[in-house]
Amino acid sequence: MAENCIFCRIAGKEIPADLVYEDDQAVAFKDLEPQAPMHVLVIPKKHAASLLELQPEDNAIAAHILCEVIPALARKLGLAAGGFRVVVNTGEDGGQSVRHLHFHILGGRSMQWPPG
Ligand code: DGP
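Rules and cut-offs
- Residues numbered from 1 in each chain as written.
- Predicted model: local features only at pLDDT ≥ 70, side-chain atom pairs only at ≥ 80, totals over all residues.
- Heavy atoms only, no water.
- Near = heavy atom within 4 Å.
- Polar contact = N/O pair within 3.5 Å; in protein donor to acceptor, adjacent residues only side chain to side chain.
- Helix = DSSP H or I, 4+ residues; strand = E, 2+ residues; numbered from the N terminus.
- Nonpolar A, V, L, I, M, F, W, Y, C, P; charged D, E, K, R; others polar.
- Core = buried A, V, L, I, M, F, W, Y, C linked by side-chain atoms within 4.5 Å.
- Buried < 20%, exposed > 50% of the residue type's maximum accessible area, 1.4 Å probe, protein only.
- Contact = heavy atoms within 4.5 Å.
- Expected span 1.5 Å × (residues − 1).
- Phe/Tyr/Trp six-rings, centres within 6.5 Å; stacked < 30°, edge-to-face > 60°.

Peer 1: Tell me about the site of the ligand, and name the residues and values.
Peer 2: Taken together, the neighbourhood of the ligand is formed by 15 residues, with Lys30, Asp31, Asn89, Ser97 and His104 sitting nearest. Within the side chain of Asn89, an N or O atom sits 2.8 Å from an oxygen atom of the ligand. Interatomic distance of 3.0 Å between a backbone N/O atom of Val98 and an oxygen atom of the ligand. Looking at the shell around the ligand, the elements with two or more residues in it are α1 (6-11) and β2 (26-30). With three residues, α1 is the single largest residue contributor to the shell around the ligand. Among the residues forming the shell around the ligand, the class breakdown is seven nonpolar, six polar and two charged.

Right, dumping it as structure tokens:
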């Protein structure tokens, strides 16, 4: 757990969030500032500031989130039929505001490309 990390504190239940999924490695909760009718954040419980901090030993958690948690959540949240978008903002130019790795799942409307 990183000091003063808001997402570590959500994972640790120190501050409340609208949790939609939890297992021993990951947590998912509704985004406080939703950009789509369904907007959920999936985070690893273990702190990593961004994608750039992931190490080879994090392969298993990254695969777990991508291959298991996100598809299962998309189905559970009713996004599988219409489709959805997964976004990992990274660093300043990537628009990352919270320095704890998180996967945005956005759905419930048609997405535009390119993103702003
Ligand atoms: P990013 O810009 O990619 O770092 O996205 C951070 C997202 O986190 C942003 O969409 C708003 C959301 N967020 C920030 N603080 C909180 C919080 O305390 N609770 C919840 N549920 N979401 C938060």
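And the narrative resumes.
Peer 1: Mind laying out the nonpolar core, listing which residues take part and the relevant values?
Peer 2: Within the largest apolar cluster, 18 residues are counted, with the highest numbers of intra-cluster contacts made by Val40, Val42, Ile65, Leu73 and Ile105. For this core, the secondary structure elements donating two or more residues are β2, β3 (38-44), α2 (59-76) and β5 (103-107). Residue contributions to this core peak at six residues, all from α2. Not counting the four nearest positions on each side in its chain, Ile65 is found in contact with Ala26, Val42, Ile43, Pro44, Ile70, Pro71 and Phe103. Counting residues in hydrophobic clusters, the runner-up holds 10 residues, among them Cys5, Ala11, Phe29 and Leu41.

Peer 1: Tell me about α2, residues and numbers included.
Peer 2: Taking 1.5 Å of rise per residue, the 18 residues of α2 would be expected to cover 26 Å, and the 25 Å separating its terminal C-alpha atoms lies within 8% of that figure. Within α2, burial applies to Ile61, His64, Ile65, Val69, Ile70, Leu73 and Ala74. On its buried face, α2 sits against β1 (19-22), β2, β3, β4 (84-87) and β5. Positioned one or two residues after α2, Gly78 has a phi angle of 80°, which is positive.

Peer 1: Before we move on, could you go through the packing of aromatic side chains and cite the residues and values that matter?
Peer 2: Any aromatic ring pair is given by two values, namely how distant the centres are and how the planes are angled relative to each other. Following the criterion strictly, the structure yields one aromatic pair and no others. Ring geometry for Phe7 and Phe29: centres 5.3 Å apart, planes at 75°, overall edge-to-face. With a gap of 22 residues between them, Phe7 in helix α1 and Phe29 in strand β2 connect regions that are remote in the sequence. For the pair Phe7 and Phe29, one class covers both residues: buried.

Peer 1: Can you break down unusual backbone geometry residue by residue, with the values?
Peer 2: A cis amide bond, omega 5°, links Trp113 with the succeeding residue Pro114. In this model, Asn4 sits at a positive phi of 60°, which is unusual for a non-glycine residue. By the element assignment, Asn4 lies in the segment before α1. You will see that Lys13, though not glycine, has its phi angle at about 65°, which is positive. With respect to the helices, strands and loops of the structure, Lys13 is situated in the loop between α1 and β1.

By themselves, these figures tell us nothing about what the structure is for.
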